[in-house]
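Structural description and commentary
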Amino acid sequence: MEDRRKQSGRRAFLKAGGFVAASGALGSLGALVIGADTGGSQRKRSRWIKTVDRPTLGETTADYKRFSGKDIFSIYMPLKTQRDGAGSFEAEQASKAKRLAEWISEGKPGFSLPDQQLSVGAWTVMHSARPGTGLLSWTRPPVRTPAEPAAQRYKASPEDMANTVKAAARLYGARLVGIAPMNESYVNQQVPREDEKQKDIDIVFEDVDVPAVTDTKFVIPRKMKWVVAIAIPMDLELLSRAPTALGDAASALGYSHSAFVVSSLAVFIRGLGYEAIPCVNDTAQSIPFAVDAGVGELSRLNKLVTPEFGPAVRLCKVFTDLPMAYDKPINFGLVEFCKTCKKCAEACPSRALSFDGEPSFQTKGPWNNPGHKAWYEDSYKCFQYWQKSGSACGVCLVSCPYTKGNQAWIHEGAKAAVSVAPATDGVFRIMDNALGYGKQRDPEQWWKNNSSSGRRG
Amino acid sequence: MTMTNGTDVFTITIRKRPWWFWAVAGLWLLLELLLLQTAWASVDEGEIRAATISGIAFVVMAAAGVFGWLRRGRSQKFGDSSGQLKDAATSVEDQEQD
């Protein structure tokens, strides 16, 4: 009897062991089949991300012209005055400053002094990066060893060159990197001056060997036919506290990381014996280059959405004459999903995003660059909400169902299903809401989470 | 197989589980694994609602699986949900009549 009991126990143990092994095997198999990319690195992208010859959305027509280069702030200011009368912009700014000061005194969650200073601190690197100078210098000589090895140009096949540059970019902090061909129409017409009374500086393409920055023009050599398009993920824990100063800190940190990555990569490329121009938001439109390089797809937000991090990324780029193999645009079913989803448009506090079923050529104002199909946004409404909320908002970025941590396998499965079976789009949109994704989290909890005894939430 | 030691009669019936049983068990296991991993990862990502729903779904699925397993264990024949065992002695009597 005792022997039989022992045998029975051993059998149960073996059975349990078998189940555990089977679970592991099935889990691994599932990850292998759907090509799970838990780390979010582009070295091995998920299999449901298909490359295509032409972008799914955002492809330009003959009407597409180089954008002025003015940021939304410089467009908003005269528009506000025009719409609401003289002095309205200044009054709005004064009211915002007063409100922010009051919130500091009250210790309002998300706008307390530490909250606001967290954002200010995160801007530090980016604020010292002006186009053409300092970190973003177009001509700074690379650091070389005494033997001057970079006097000789590094030579390899275009594929190897691309891999080398991507590896370096990843080391410096890029998470998604793609190579796109230079398209002059994506480059801004001008670099805005800090002093708005002065004339903006023209950006021109010339047949020269090296880039040049003067008081009258920024010169990009025509031989720079390659663009390294880079995406840097934003801190989701911070971003999920938007619209507050903590959410702003996520953007600020993304910009500062971008400045570090492109400046480091530019020095690396110059060290290989080639020219490089590092840019963050300046000099050219980052989104079309990122679309062409297969970093992501254009979305209902009229921003780039990446398969790995959704729209919660900051984009930057480096122009170079280093010959590299180009990447292709991608299709992961986003445009079809955006047609069904509309979660960002519903979540937008200022109703600035389009609810249209289909993208169109109809722009909403001077902040849009016409000549390509898109869901154009009303940046005026968006920016007006920035002033009202005392933050740079970011609610749309958090609400997107693609903005998720990369730890749960089920997210990878859902994205794969959306990519291969658009009929499931509606189901996943409903599930995203039911599971409570995209909601604002408690700002005060961020500090508790990041203290030594913190719990996440 | 029927055995007798003179006074007692034992009937040992060995039946192979059908292929669909293993398919259902595999699917159940995969789903359980997925739910558990989702709950675990959601806690780590601070997605409390997703973690709670996944956790509850995991427990419900686990309970359903265990209940189903036990119910099958009591049944002599697959597909026979009554769970009634045919008396061994009756089997022997049947054989004798033959």
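Rules used in this analysis
Residues numbered from 1 in each chain as written. Chains lettered and ligands numbered in written order. Predicted model: local features only at pLDDT ≥ 70, side-chain atom pairs only at ≥ 80, totals over all residues. Helix = DSSP H or I, 4+ residues; strand = E, 2+ residues; numbered from the N terminus. Buried ≥ 20, exposed ≤ 12 C-beta atoms within 10 Å, placed from the backbone. Contact = placed C-beta atoms within 7 Å. Core = buried A, V, L, I, M, F, W, Y, C linked by C-beta atoms within 7 Å. Pairing = 2+ DSSP bridges. Axes fitted to C-alpha atoms, helices over the stretch in contact; angles between N-to-C directions.

1. Here's the deal with the overall build of chain A
- Summing up its helical and strand segments, chain A has 15 helices and 12 strands in all.
- Within the span of chain A, comprising 457 residues, buried residues form 44% of the whole.
- Of all intrachain contacts in chain A linking residues separated by at least 6 positions in sequence, the fraction that spans at least 24 positions is 74%.

2. Some thoughts on the environment of A:Glu297
Residues and elements named next belong to chain A.
- One can find Glu 297 in strand S9 (residues 297-298).
- Put simply, Glu 297 and Gly 333 are 36 residues apart on the chain and 9.1 Å apart in space, counted from C-alpha to C-alpha.
- Setting aside residues no more than four positions away along its own chain, Glu 297 makes contact with Thr 56, Leu 57, Val 291, Val 305, Ile 330, Asn 331, Phe 332, Leu 334 and Val 335.

3. Some remarks on the nonpolar core
All names here are of chain A.
- If you look at the biggest cluster of nonpolar residues, it comprises 113 residues, and the most contacted ones within it are Val 228, Ile 230, Val 262, Leu 265, Ile 269 and Ala 290.
- Looking at this core, the element that brings in the most residues is helix H7 (residues 245-271), giving 15 residues.
- In this view, Val 262 contacts Ile 230, Pro 278, Cys 279, Val 280, Cys 316 and Val 318; residues no more than four positions away in its chain are not counted.

4. Digging into the sheet that holds strand S7 (residues 226-233) of chain A
All names here are of chain A.
- Pairing within the open sheet is antiparallel, and its 4 strands lie in the order S2-S7-S11-S8. Each edge of the sheet is formed by a strand with only one pairing partner; in this case those strands are strand S2 (176-181) and strand S8 (276-279). Here the average twist between neighbouring strands, direction ignored, is 20 degrees.
- With 6 bridges connecting them, S2 and S7 associate as antiparallel partners. Bridged to Ile 179 within S7 is Val 228.
- Set on the sheet, helix H5 (residues 158-172) makes contact with S2 and S7; between it and S2 the angle comes to about 140 degrees.

5. Regarding unusual backbone geometry
Residue and element names in this part refer to chain A.
- Here the bond from Ala 242 into Pro 243 is cis, since omega is 5 degrees, no more than 30 degrees from zero.
- Assignment of secondary structure puts Pro 243 in the loop between helix H6 (236-239) and H7.
- The phi dihedral of Asn 302 is positive, around 60 degrees, even though this residue is not glycine.
- Following the sequence through the fold, Asn 302 ends up in the loop between S9 and strand S10 (304-305).

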